[in-house]
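Coordinate inspection notes
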Amino acid sequence: MRLFLVVLAGTLTAKSALAPIWLTGIVNVILLMGWICSEFLLRKIKPIKAARIATTLYLLFLFTSSSFLFLIREYYHGVNTDLTETLNLYAWEELRVTGYVAKSGQSSTGRNVLSVEIKDSYLDGTIWPQNYRIRLYENPETDTELFPGDRIECTIRIYAFPERRNPHDFDYGKWLHRNGYATHGELIAVHERSPLQRFSAERVRKKIRDQAEILFPEQEAKLAKALFLGYKAELTADTRDHFSKAGLSHIMAVSGLHVGFIAAPFWLIIPWFWRTRRGKFLGLILLTLLLFGYASITGFSPSVNRASLMLWLLTYGKLFCRIRNSLNLMGTAALIITLVNPSQLFEVGFQLSFSAVTVILLVMPVLQKIIPQKWSYGVKGSLFSVVMISIVVQAGLFPVLIHYFNEFSITGPISNTLVIPLLSFTVPAGLLAVLSAPYIPESFHLLILPVQWSLQWIAGVAETIGSSKFSALSLQSSEISLFLVWISSTLCLAAFQIPQLRGKMLIVFLISILIWKCEKAMSAFDTSSVKVTFLDVGQGDAIHIETPGGYHLLIDAGRWSPLSNSGDRTLIPYFRYHGITRLDTVILTHPHADHIGGMPALMHEMQIGRIYQSDATHNSLLYRQIQRLAEELEIPVFLPVAGDIIESDPALRLFVVGPETGPFRDRNPNNRSVAIKMVYGETSFFFTGDAERNQEREMANRYGDFLKSEVYKAGHHASNTSSTEEIMRYVQPYYSVASLSFRNSFGHPGRDAVNRLAIHSNEQLYTSLSGAVVLTSNGRRVNQIMW
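Because the structure is a prediction, the values reported are computed rather than measured.

A look at the sheet that holds strand β13 (residues 607-613)
Pairing in this open sheet of 8 strands is mixed, and the strands run β14-β13-β12-β11-β10-β9-β22-β23 from one edge to the other. Both edges of this open sheet fall to β14 (637-638) and β23 (782-785), since each of them pairs with a single strand only.

This is how it looks when you write it as structure tokens:
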């Protein structure tokens, strides 16, 4: 365990410091030579001092070796960004390539995905002999079935390399590079295929999936694939959400729990093997084949690798009477995985798996001594242990879960108590059934029915508990000190029974609490600023304002289309990422679909204090749906006009400067946009919706120099009909921000508008080019946050 901690420190240092490989290698060689000299030469002269020096140099050598291995792997497995840029020149074009299939699987949306090692590419009539890895989505119309090891010649379409568009978005481009992919694309057609392997784990996985579809009804088959193989691509988003909120996601991740269930029958027959030395070796070989086979058909996930290594080491110790220390076994497993692939340290699966086991090993022995003895045995004891382990794991993983998922299940112990005991039968019996049924189907009919009932029960528990609003909490925390509290509290509980360490760990825990409180106090002190995020919702507007007092305002809600809307696609994930469950004020500048498109989804998902909207009406189903939902949910709706003030955080002022009242109303809804000037301290922001020339003239004539602002949201997506000279000569912003899509059918931004923005503002920012724009103001100055 200590060796793993040294390797962990070396790998983290290499990732953060990024020292040159040659320098790390030289230091490593020097330390190695120093260790050898002190170990074999100096020991003869001064043994005690030599032992101390040798130990120190050995640990430093291990530290630098792990750093060196990480840097070497990053160098050879990393992707040359120049290569990505070259391939990006052929975005959306079709290329003919040759290579071989390295891996296959499915994306989260259910599409078949291939990892292909390209050897030759035919570019502009010439052969480009450049090796690179590409992630390809299979075309549904392609009939050719491909497996890892197949050598292929095919036509592909290169996709544009993905960019992160909003702060909360998953960085798919970074993920591709981290996994060695130069780019991604689509498989159009396979011209030649020569299989190199008749047997592969992927073929076995496919047979298991196919057999599950034959043996079980449709819904149970999808769950069976997830439980037995970790194959969740066919599960609906609602089903995955229910399992997550019920605290049951781990049962579909093929973890150590599954490895334990699969290997449990083997442990029952261990006494038959340890009678003779040959029997011991035979038992170890059989277990190795069993664990390797299960790990291969489940894709060698970190949790399965960790559990398989630990179980193998534990069995070796049991068969050959070696000392067995659970923490050291886990440390050995982590050490092996890290040395083979250091990047695993930064995968969420690795962190969740090893964190969960660490917490169990450190805390459960202490709790078991506190539990009354009458609750420690029999059925009652088993159920109580399941509940206790679930509580310990949920509490222990709290900071990791909210850091990655911003969600924490509070019903996990109940759900796991109702499900885990069944899994001990469902997983091994179900997997045995699907593997053996094609050969002896009749004898397994009775076994399949109880498995099917178990699957139905598990799905019912997840849906019943996970669909409750009180099943999970949405939280956000990026405080590093919270992890210190988590680590110190775990160590404090583990040292409870050790008098020599109890006081020291308690002091460490109290110090970590103090650091956490200081960090929270400092962050509270630093929140005396307003943060404005112009989200990238494509050809539409959505602006989130976070005030110094913790109020949340939204100006417009993005676009709507028959297939998706900005609420489900962008806004709700964004607010979940930031742990925001309530919008105090929503301002809908006008009723067009590219400004109100995400409102129905937001109204169903979040609490909304009040809505301010334009007095212009619109005869669309979307607009009428929003009005109906506001009435049903009893959300107050106001129609602000020029001269009004919208009440919000007392620290800032929201002045309504449009639309005007009067008998002559512009029939164009764009010219009835709710225009806002937000003032915070000495800084101000000017939001005009889709106001065009007529409304801009009215605002300029009435308010003149009052419109001067540091930030101007370009009207109507920077079209030529907006941001006219009449209003820009008064606004004179430092930043002008335009929200639009890179490819749109309206010709935005207009060339004339771009020129006017360039003349009257210092910096012009377009969400079509840079993604979301984040600006903050401390009341004296506005700064752009480069996320």
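A closer look at the environment of N778
The residue N778 is located in the loop between β22 (773-777) and β23 in this model. In sequence terms N778 and E682 are 96 residues apart; their C-alpha atoms lie 8.9 Å from each other. Not counting residues up to four positions away in its chain, the partners in contact with N778 are S528, S529 and Y680. Among the polar contacts listed, one links the side chain of N778 to the backbone nitrogen of R780, at a separation of 2.9 Å. Here R781 takes part through its backbone nitrogen, which lies 2.9 Å from a polar atom of the side chain of N778.

Points about the environment of K531
Along the chain, the position of K531 falls in strand β9 (residues 530-534). For K531, a relative accessible area of 28% puts it in the partly exposed group. Considered as a pair, K531 and S739 are 208 residues apart in the sequence and their alpha carbons are 17 Å apart. In contact with K531, other than residues within four places in its own chain, are H544, I545, E546, H578, V774, L775 and T776.

Details of the nonpolar core
Across soluble globular proteins, nonpolar side chains show a tendency to be buried alongside one another. Counting 51 residues, the largest nonpolar core has F216, L227, I251 and L423 as the members making the most contacts within it. Among the secondary structure elements, those contributing two or more residues to this core are α6 (201-215), α7 (218-229), α9 (256-268), α11 (277-297), α12 (302-319), α17 (412-436) and α18 (445-466). In contact with L423, other than residues within four places in its own chain, are L227, I251, L257, F261, P428 and I458. Counting 27 residues, the second largest nonpolar core, distinct from the first, contains I572, M603, M606 and I611.

Reading guide: rules and limits
- Residues numbered from 1 in each chain as written.
- Predicted model: local features only at pLDDT ≥ 70, side-chain atom pairs only at ≥ 80, totals over all residues.
- Heavy atoms only, no water.
- Pairing = 2+ DSSP bridges.
- Helix = DSSP H or I, 4+ residues; strand = E, 2+ residues; numbered from the N terminus.
- Contact = heavy atoms within 4.5 Å.
- Polar contact = N/O pair within 3.5 Å; in protein donor to acceptor, adjacent residues only side chain to side chain.
- Buried < 20%, exposed > 50% of the residue type's maximum accessible area, 1.4 Å probe, protein only.
- Core = buried A, V, L, I, M, F, W, Y, C linked by side-chain atoms within 4.5 Å.

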